[in-house]
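# An overview of the molecular structure
Below, each chain spelled out in residue letters.
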Amino acid sequence: MTPADDPAGTGARPRVVIVGGGFAGVACARELAGTDVDVTLIDRNNYHQFQPLLYQVATAQLAPIDVGTPLRNLFRKDRNVDVKQAEVTEVDVAGRTVRTADGLSWTGDHLVLATGAQPNFYRTPGAAEHSLPLYSLIDAERLRSRIIAAFDAADRDPRLVDQGALTFVVVGGGATGVEIAGALADFVTTVVPQEYHDLDVHQARIHLVDHGTALLAPFSPEAHEYAAKVLQRDGVRLHLGTAVEEVTPAAVRLEGGTTLPTRCVIWAGGVQAADVAARCGLPRGRGGRLRVGHDLSVEGHPRVFVLGDVAAVESPDGTPYPQLGSVALQQGQWAGKTIRADLAGQPRRAFHYHDKGIMAMIGRGAAVAEMGHKRHELHGAIAFASWLGVHAWLMSGVRGRIDAFVSWGWDYFSGNRTPGLVDHPSAATIDFGEPGQVPPPRTPAPAPVAPAG
Ligand SMILES: Cc1cc2nc3c(=O)[nH]c(=O)nc-3n(C[C@H](O)[C@H](O)[C@H](O)COP(=O)(O)OP(=O)(O)OC[C@H]3O[C@@H](n4cnc5c(N)ncnc54)[C@H](O)[C@@H]3O)c2cc1C
């Protein structure tokens, strides 16, 4: 510790307060683990969630425990990292102090904000109220409950199919939208025929809507075409170049007049900075992200860092770095190293991103991967295998990795999924009784349906 870190000469160890236990916050805390500082890591959840695999929780491929790792467990061997479960509601940037919903406050010699992103509904009428986003573990569990409840409802009463019980609308054709649409198609063809013996699986409809003209926009034109071809082959209906005008409890209204009756709208339409960013009083860029300098600190507040999805850090080409797990992780590591350099009285260096590429899963055995900064492109089974390997490697904790591999193998070779519980009753309660529509039956519907084929 230098005198600058301890102006009062108290001899106390420097304290680093990190808000957010996602990729960036955890990476920063890991970089500081075992060093001569005290770290307080604050998150509203007591777990770190692995967002890239949320769609697999939503479609019952993985159990929530596979993608949510308790933060205390991650740092159980690091006595200098203390985890606090709390919702941060206020940030005093000048004082490097955060206050929580229950009135507590923490002050650090360094403050790190890594609060991530939240869904952006772009003021689409009804979207926030009636669609199901996929940005957190709770979102994924709620979505899984809704998907299974919709199949259960149609299985009980086939008349509900006309009210959209088996119609799923995915809004957004980026990686999240493509992944969930592909996984849903897989669920319909592999799981539903095994588990719903009375249901006509051919009545299920999956629509993907995006106002852009291509899927997976950050990828190459070949990848756009490949993703569209695979999804269409798997029965997904694409509505590209089409905006969603309104979401109601019973339908989605598209630009051009099409109305899709549905009870399950999955919002994968984009993100904005997490709420707390708006309360910092700092300059914000596109999507509400906080502008920070090349060393990841806030201008005028060199001991306040902003990292990951909530940060707008300019890349060498002048655009902000993309909101990706790999960017957040590397920024977390970089900030941790910078804090260590500060404490050792060494100079800071500008953040450098090591671009290892991008990848997205499209469906069973199908993925796209663009490897390295030169974007060497892979499609199909090789990309699929790379995707599984890279994501397992990125997961925190050996147990999660092993569980994921066992679940993937089990699912791939047997099509048998176990974690299909309806455990969020509020998301599973679907009101089919709107005025002018067929009311729900009082007794089980007698009408037979053709067996799934
Ligand atoms: C569905 C989905 C799929 C994705 N797939 C990929 C992929 O395949 N590859 C890839 O590279 N990236 C992917 N991403 C993006 C990637 O997950 C994010 O870029 C990354 O998680 C950002 O890390 P972060 O640490 O900035 O934020 P997060 O990981 O979002 O962590 C933020 C943390 O802050 C906490 N928090 C927020 N506000 C508060 C508050 N007020 N008080 C206390 N705690 C708070 C949250 O609980 C959370 O734990 C995906 C994202 C989503 C949503």
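Residues numbered from 1 in each chain as written. Predicted model: local features only at pLDDT ≥ 70, side-chain atom pairs only at ≥ 80, totals over all residues. Heavy atoms only, no water.

## Some words on the sheet that holds strand β25 (residues 366-371)
Using the following cut-off: Strand pairing is assigned whenever DSSP detects at least two bridges linking the two strands. Numbering of helices and strands runs from the N terminus, with a helix taken as a DSSP run of H or I at least four residues long and a strand as a DSSP run of E at least two residues long. Only the stretch in contact is used when fitting a helix axis, every axis being a line fitted to C-alpha atoms; angles between N-to-C directions are given from 0 to 180 degrees. Pairs of residues are marked as contacts when any of their non-hydrogen atoms sit within 4.5 Å.
Strand order in the open sheet formed by three strands is β24-β25-β26, and the pairing between neighbours is antiparallel. What marks the edges here is a single partner per strand, and that holds for β24 (357-363) and β26 (376-379). Taking the axes of each pair of neighbouring strands and ignoring which way they run, one obtains an average angle of 5° across the sheet. Bridge count for β25 against β26 is four bridges, and the pairing is antiparallel. From the neighbouring strand, M371 faces β26, where its bridge partner is H376. Lying over the sheet, helix α8 (residues 221-233) contacts β24, β25 and β26, oriented at roughly 170° with respect to β25.

## Considerations on the pattern of salt bridges
Defined as follows: Any Lys or Arg side-chain nitrogen found within 4 Å of a carboxyl oxygen on Asp or Glu counts as a salt bridge. Only protein chains enter the accessibility calculation, which uses a 1.4 Å probe; a residue is then buried when its area is under 20% of its type maximum, exposed when over 50%, and partly exposed in between.
For the coordinates displayed, the defined rule picks out 14 salt bridges. The shortest N-O distance in the salt bridge between D82 and K84 comes to 3.0 Å. Among the residues examined, D82 registers a relative accessible area of 34% and is labelled partly exposed. Judged by its relative accessible area of 28%, K84 falls in the partly exposed class. Each of R13, D36 and D38 takes part in one network of salt bridges that share partners.

## Overview of the site of the ligand
To keep it simple, the criterion reads: We define proximity as follows: a residue is near a molecule or strand when any one of its heavy atoms falls within 4 Å of that partner. Here a polar contact is recorded for every N or O atom pair within 3.5 Å, except that within protein the pair must consist of a potential hydrogen donor and a potential acceptor, and residues adjacent in sequence are included only if both atoms are side-chain atoms. Only the protein chains shown count as cover for residues, and the accessible areas themselves come from Shrake-Rupley with a 1.4 Å probe. By the convention adopted, Pro, Cys, Tyr, Trp, Phe, Met, Ile, Leu, Val and Ala count as nonpolar, Lys, Arg, Asp and Glu as charged, and the other residues, Gly among them, as polar.
The full set close to the ligand counts 27 residues, and A24, D43, Q51, D309 and G325 are the nearest of them. N45 has a polar side-chain atom sitting 3.5 Å from an oxygen atom of the ligand. V88 has a polar backbone atom sitting 2.9 Å from a nitrogen atom of the ligand. In the complex, 92% of the free accessible area of the ligand, which totals 990 Å², lies under the protein chains. Secondary-structure elements contributing two or more residues to the shell around the ligand are α1 (23-32) and α9 (325-343). The element that contributes the greatest number of residues to the shell around the ligand is α9, accounting for three residues. Residues of the shell around the ligand, tallied by class, amount to ten nonpolar, 13 polar and four charged.

Function-wise, these values are silent; they only describe arrangement.
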